[in-house]
Amino acid sequence: MASSTATPDFNKALYAPLGEIDPEVQNIIDKETWRQYSGLELIASENLTSRATMEANGSILTNKYSEGLPNARYYGGNEWIDELELLCRKRALEAFHLDPAQWGVNVQPYSGSTANFAALTALLQPQDRLMGLGLPDGGHLTHGYYTAKKKMTASSIYFQSLPYGLDPQTQLIDYEGLAKHARLFKPRLLICGASAYPRDWDYAALRKTADEHGAYLMADIAHTSGLIAAQELNDPFAYCDVVTTTTHKTLRGPRAGLIFFRKDGEKNKDLEKRVNDAVFPACQAAHTTTYVLSSSVVSTVLTAPQTIAGIAVALLQASQPSWKAYAKQVVSNAGALADELVKEGYKLQTGGTDNHLVLWDLRPLGLTGSKVEKVGDLLGITINKNAVSGDTNARGRAHGRALPAPQRAARAAPAEGGGLEAAEGLFVHAERDGEVRVTGGAREAQCAGRAAAAHLEQVLLLADGPGAAVGEVPDALLDEVVDILEGEWVRLNSICGTGALT
Ligand SMILES: Cc1ncc(COP(=O)(O)O)c(C=O)c1O
């Protein structure tokens, strides 16, 4: 029988590019690409990952099941995946300057939430006691959050949790209050790290409290891991037993998580096994399984080798000397922005920042974070609302606004005058005649200016009465927008210094 090498019709779809097979999805991706590059992405938990990382993450590795650990898999054909995972682990330890005799790492968690729940599973028994920074004070859901009415997250459903908080005067972590409550609560685990805390941590003080109760100390450095790798912030590894992180925030990798665990010390001698077992099979299993974690449904699809490849690439980048310069720029941009805002009389949580984010308390302006977030959207500037300490509002209408840094530094060359550079994306120069300008320099900033101009023109048209061009925007919001543009928002322009605008 004659053999044919022709590709059967049913397989042709395997080799055609996305744009040909599915123009609808391609078009959505194109629109999102344009949104990301024409606007300014200033969400503190997001970043722009590298092309190399995206290539690895979109590679043929996506075809492979690799349940288990290197050299102990449940499927055959994993020799290259094993090599990849071992390389990724090695790079993770190198990126954070860790001695492999003292530290190990599991690179399989899908996300920060799953990494955290796996870490809790490894460290605690059900109903053991833990303490984490309260969500309203900047902590994360997965650090034991609950409300008076509801245990919101797996970390409070399966464990007893008592939050610690901030000093109401300074908005800094109240380490003394924490130590005092720990004496009553006697936690088995202390969690530090946050989603919206602009200052560095005193890990030594936390270790002291943990030691008083024979407790584990875990740092969730999801937000700051890129800055910690660059040694721009205090080192949690010097004090903690376990460190978790996401890989897609300041670390600039694909969307996933890592769990670092200590291998030395009596208490930690079987931690490697406990962490590995907690990740798989305790928390991540076969692809039909769905878990409810931290109030969101997470569908698990086993360890993803393509993501591990992306993490490995990102970690290589985070180990280069240029990474330090990047991290320095992130911190300096955020610091410059904070300084300028404070100079202008605005209120920031803690009065400034040590890291990549600025938490702006909008309450004195009579604004909510959700409104200003929408105004930002209209201007092509993507920001996010967040609770600020003492906020009585629900999260969706929180009064704070978490501001930039990682992407801004990822894109633009540092300019002279850090304050100006840091503020350029945020403070669009808006005048009553509809002219919109941003400080020049980076191509992206110019694009952002154009995008902002288009949006703002519509808003201003409406402000002038007859134009009513912005159909989708609710009237009430538009009224707010106009007020903001005419009031505080425009006043911010002076931060940029009018003379410097081009
Ligand atoms: C401190 C902290 N931990 C964990 C997470 C959860 O990460 P993921 O969204 O990857 O589940 C976040 C995410 O926002 C975070 O800020």
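Everything quoted here is computed from the prediction, not taken from an experiment.

Basis of the calculations
- Residues numbered from 1 in each chain as written.
- Predicted model: local features only at pLDDT ≥ 70, side-chain atom pairs only at ≥ 80, totals over all residues.
- Helix = DSSP H or I, 4+ residues; strand = E, 2+ residues; numbered from the N terminus.
- Buried ≥ 20, exposed ≤ 12 C-beta atoms within 10 Å, placed from the backbone.
- Contact = placed C-beta atoms within 7 Å.
- Near = placed C-beta within 6 Å.
- Nonpolar A, V, L, I, M, F, W, Y, C, P; charged D, E, K, R; others polar.
- Pairing = 2+ DSSP bridges.
- Core = buried A, V, L, I, M, F, W, Y, C linked by C-beta atoms within 7 Å.
- Expected span 1.5 Å × (residues − 1).
- Axes fitted to C-alpha atoms, helices over the stretch in contact; angles between N-to-C directions.
- Left-handed = near helix turned anticlockwise from the far one by under 90°.
- pLDDT = per-residue confidence, 0-100.
- Parallel < 35°, antiparallel > 145°, perpendicular 65-115°, else oblique.

**Section: the overall build of the protein chain**
Part 1 of the reasoning: In terms of regular secondary structure, the protein chain is built from 20 helices and 19 strands.
Part 2 of the reasoning: Per-residue burial over the protein chain gives 49% buried out of 502 residues.
Part 3 of the reasoning: Pairs at least 24 residues apart make up 68% of the contacts formed inside the protein chain by residues separated by at least 6 positions.

**Notes on the site of the ligand**
Part 1 of the reasoning: Near the ligand there are 15 residues, and of these Ser-111, Gly-112, Ser-113, Ser-195 and Ala-222 occur at the shortest range.
Part 2 of the reasoning: Per-element accounting of the shell around the ligand gives the leading share, three residues, to helix 6 (residues 112-123).
Part 3 of the reasoning: Here the shell around the ligand is composed, by residue class, of two nonpolar, twelve polar and one charged.

**Observations concerning the pairing of strand 9 (residues 242-246)**
Part 1 of the reasoning: Burial within strand 9 is extensive, with five of its five residues counted as buried.
Part 2 of the reasoning: Of the strand pairs in this sheet, strand 8 (residues 216-220) and strand 9 are connected by three bridges, and their pairing is parallel. Within strand 9, the position partnered with Asp-220 by the bridge is Thr-244.
Part 3 of the reasoning: Bridge count for strand 9 against strand 10 (residues 257-262) is five bridges, and the pairing is antiparallel. When the bridges of strand 10 are listed, Thr-246 appears paired with Gly-257.

**Side note on the nonpolar core**
Note on soluble globular proteins: their nonpolar side chains tend to be buried together.
Part 1 of the reasoning: Residues Ala-118, Ala-119, Met-218, Val-242 and Ile-259 are the most contacted members of the largest nonpolar core, which totals 100 residues.
Part 2 of the reasoning: Looking at this core, the element that brings in the most residues is helix 13 (residues 321-343), giving nine residues.
Part 3 of the reasoning: For Met-218, the contacting residues outside a window of four places in its chain are Ala-119, Leu-123, Leu-189, Ile-191, Cys-240, Asp-241, Val-242 and Thr-244.

**Let's talk about helix 12 (residues 305-318)**
Part 1 of the reasoning: If you check helix 12, its first and last C-alpha atoms are 20 Å apart, about what 14 residues at 1.5 Å a residue would give, namely 20 Å.
Part 2 of the reasoning: Those residues of helix 12 that fall on the buried side of the exposure criterion are Pro-305, Thr-307, Ile-308, Ala-309, Gly-310, Ile-311, Ala-312, Val-313, Ala-314, Leu-315, Gln-317 and Ala-318.
Part 3 of the reasoning: Where helix 12 is buried, its residues meet helix 4 (51-57), helix 5 (79-95), helix 10 (225-229) and helix 13.

**Describing the packing of helix 5 against helix 12**
Part 1 of the reasoning: Remark: helix 5 packs on helix 12, axes separated minimally by 9 Å, with the N-to-C direction vectors making an angle of 35°. Here helix 5 runs over helix 12; the crossing is left-handed. Between helix 5 and helix 12, the residues in contact are Ile-81, Leu-84, Glu-85, Leu-87, Cys-88, Arg-91, Ala-92 and Ala-95 and Pro-305, Ile-308, Ala-309, Ile-311, Ala-312, Leu-315, Leu-316 and Ala-318, respectively.
Part 2 of the reasoning: Of the residues that constitute the contact of helix 5 with helix 12, the class distribution is 14 nonpolar, no polar and two charged.

**Quick look at the confidence of the model for the protein chain**
Part 1 of the reasoning: Overall, the prediction assigns the protein chain a mean pLDDT of 79, with 73% of residues at 70 or greater.
Part 2 of the reasoning: Ignoring residues within four places in sequence, the model shows residues 407-473, a span with pLDDT below 50, making 137 contacts including any to other chains.
Part 3 of the reasoning: Note on residues 485-502: pLDDT is under 50 here. Beyond four places in sequence and across chains, it has 33 contacts.

**Points about the environment of Tyr-197**
Part 1 of the reasoning: Summarising the element assignment, Tyr-197 is placed in the loop between strand 7 (189-192) and helix 9 (203-212).
Part 2 of the reasoning: Distance from Tyr-197 to His-356, taken between C-alpha atoms, is 9.7 Å for residues 159 residues apart in sequence.
Part 3 of the reasoning: Leave out the neighbours within four places in its chain, and Tyr-197 touches Leu-133 and Gly-138.

**A word on the packing of helix 6 against helix 11 (residues 271-283)**
Part 1 of the reasoning: Running from N to C, helix 6 and helix 11 cross one another at 125°; their axes reach a closest spacing of 8 Å. Considered as vectors, helix 6 and helix 11 are oriented oblique to each other. The crossing of helix 6 and helix 11 is right-handed. Here helix 6 contributes Thr-114, Phe-117, Ala-118, Ala-119, Thr-121 and Ala-122 to the contact with helix 11, which in turn contributes Leu-271, Arg-274, Val-275, Ala-278, Val-279, Ala-282 and Cys-283.
Part 2 of the reasoning: Considered class by class, the residues forming the contact of helix 6 with helix 11 number ten nonpolar, two polar and one charged.

**Some points on the sheet that holds strand 7**
Part 1 of the reasoning: Pairing within the open sheet is mixed, and its seven strands lie in the order 4-10-9-8-7-5-6. Looking along the sheet, the strands with just one partner apiece sit at the ends: strand 4 (103-106) and strand 6 (160-161).
Part 2 of the reasoning: In this structure, strand 4 lies alongside strand 10, joined through four bridges in antiparallel fashion. In the sheet register, Trp-103 faces strand 10, and the bridge partner there is Arg-262.

**Overview of unusual backbone geometry**
Part 1 of the reasoning: Here the amide bond leading from Phe-280 into Pro-281 is cis, since omega sits at 10°, within 30 degrees of zero.
Part 2 of the reasoning: Assignment of secondary structure puts Pro-281 in helix 11.
Part 3 of the reasoning: Positive phi, close to 65°, is recorded for Asn-71, a residue that is not glycine.
Part 4 of the reasoning: When you line up the elements, Asn-71 lands in the loop between strand 2 (68-69) and strand 3 (72-73).
Part 5 of the reasoning: The backbone of Thr-350 sits at a positive phi, close to 65°, despite the residue not being glycine.
Part 6 of the reasoning: Counting through the fold element by element, Thr-350 comes out in the loop between strand 13 (347-348) and strand 14 (358-361).

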